[in-house]
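Inside the fold
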Amino acid sequence: QHSLKEHLFNNEVDVRDVKWLGLKKIKSVLDIGCGFGSFAGELKKRFPKAKIVGLDPGKETLKLAQKQYKSITFIQGYSDHIKLHNKFDLVVVRMVLQWIPRSRLLKTIAEIDRLTGKYLYIKEFNPQQPTTSVSKHNKKVRIFKQNYSRIFLSLPNYKLVKEKVEFSSSNYYRSRHSLIKKKPI
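Calculation rules
Residues numbered from 1 in each chain as written. Predicted model: local features only at pLDDT ≥ 70, side-chain atom pairs only at ≥ 80, totals over all residues. Heavy atoms only, no water. Helix = DSSP H or I, 4+ residues; strand = E, 2+ residues; numbered from the N terminus. Rg over C-alpha atoms; globule rule 2.2 N^0.38 Å. Buried < 20%, exposed > 50% of the residue type's maximum accessible area, 1.4 Å probe, protein only. Contact = heavy atoms within 4.5 Å. Areas by Shrake-Rupley, 256 points an atom, 1.4 Å probe, with all protein chains shown as cover. Lys, Arg positive; Asp, Glu negative; His and termini not counted. Charge placed at Lys NZ, Arg CZ, Asp CG, Glu CD. Expected span 1.5 Å × (residues − 1). Arc of directions from axis to C-beta. Polar contact = N/O pair within 3.5 Å; in protein donor to acceptor, adjacent residues only side chain to side chain. Salt bridge = Lys/Arg side-chain N within 4 Å of Asp/Glu carboxyl O. Phe/Tyr/Trp six-rings, centres within 6.5 Å; stacked < 30°, edge-to-face > 60°. Lys NZ or Arg CZ within 6 Å of the ring centre and 35° of its normal.

A short note on the overall build of the chain
Looking only at helices and strands, the chain has six helices and nine strands in total. Taken over C-alpha atoms, the radius of gyration comes to 16 Å for the chain, in line with the 16 Å a tight globule of 185 residues would show. Counting all 185 residues of the chain, 48% fall into the buried class. Contacts spanning at least 24 positions in sequence make up 65% of the contacts within the chain whose residues lie at least 6 apart. As displayed, the chain has an accessible area near 10,600 Å², and 56% of this comes from carbon and sulfur atoms. Looking at charge distribution, the chain has the averaged site of its 38 positive side-chain charges lying 3 Å from that of its 15 negative ones.

Okay, here's the thing in structure tokens:
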């Protein structure tokens, strides 16, 4: 059995996902919905000189993240109003967009577009079956599953670099990873 700390900060899925990206020469990263910061931490190992910023609405979550990853900047905030101005070489959005209320989705997409300099990495849960449901974690929250990477790929300056689909042990389609390159206009 793993301790809570091992579960939160030593995640083999994060290690695998960073490796899958296969990127080089990344100088800045924004991890939207960073949670406890474990993916940002793995990115910092891969790109030790990069400026890495994690954004999450959870105040207590970010306190734990900052204690664990002192070389990463963590900011409390929401995806539809990000108080940053510089573009990032890589913007990460892993398992986040499904949680965004529909009234904030277009503004969130605009913020991601505004801050993406070179690459956008989206990881989505079950995107092949667009659906909405009530969260098992909080009955007041609705989840909206759909193929969010296609929203960005419908824009003329975004191009798919690579994509990976993961299946569960029962061969059920579980998640899609999309690495998308943004071309300057």
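A short note on helix α5 (residues 102-115)
For α5, spanning 14 residues, the distance from its first C-alpha to its last is 20 Å, which sits close to the expected 20 Å at 1.5 Å a residue. Where α5 is concerned, the buried positions are L105, T108, I109, E111, I112 and L115. Along the axis of α5, the buried positions cluster into a sector of 165°, meaning they face one direction only. Residues of α5 that are exposed and point over 90 degrees away from its buried face: S103 and L106. The elements touched by buried residues of α5 are β1 (28-32), β4 (88-94), β5 (116-125) and α6 (149-153).

Thoughts on the side chain of E166
With respect to the helices, strands and loops of the structure, E166 is situated in strand β8 (residues 158-167). When its relative accessible area of 11% is taken as the criterion, E166 is described as buried. A polar side-chain atom of E166 sits 2.8 Å from a polar atom in the side chain of R16. A polar contact is formed between the side chain of E166 and the side chain of H177, at a distance of 3.1 Å.

Quick look at the pattern of salt bridges
Overall, the coordinates contain 15 salt bridges when judged by the stated rule. Two residues, K107 and E111, come together in a salt bridge whose shortest N-O distance is 3.7 Å. Of this pair, K107 and E111 are both found in helix α5, four residues apart, which corresponds to roughly one turn of the helix. For K107, a relative accessible area of 42% gives the class partly exposed. Here E111 falls in the buried class, since its relative accessible area comes to 5%. We note a salt bridge from E163 to R176, for which the minimum N-O separation is 3.6 Å. One end of the pair, E163, is in strand β8; the other, R176, is in strand β9 (residues 173-182), and 13 residues separate them in sequence. Overlapping salt bridges bring together D14, R16, D17, R94, K123, K164 and E166 as one network.

Points about the packing of aromatic side chains
Scanning the model with the defined rule gives three aromatic pairs in all. Seen in terms of ring centroids, F39 and Y121 are 5.9 Å apart; in terms of plane orientation they differ by 35°. Their pairing is tilted. Taken together, the residues F39 in helix α3 (residues 38-46) and Y121 in strand β5 connect sequence positions 82 residues apart. Between R104 and the ring centre of Y78, over which it is positioned, the NZ or CZ distance is 5.2 Å. The ring of W20 has K162 lying over it, and the distance from NZ or CZ to the ring centre is 4.7 Å.

A few points about α3
Counting buried residues along α3, seven of its nine residues qualify, which places the element largely inside the surrounding structure. Within the span of α3, buried status applies to S38, F39, A40, G41, E42, L43 and K44.

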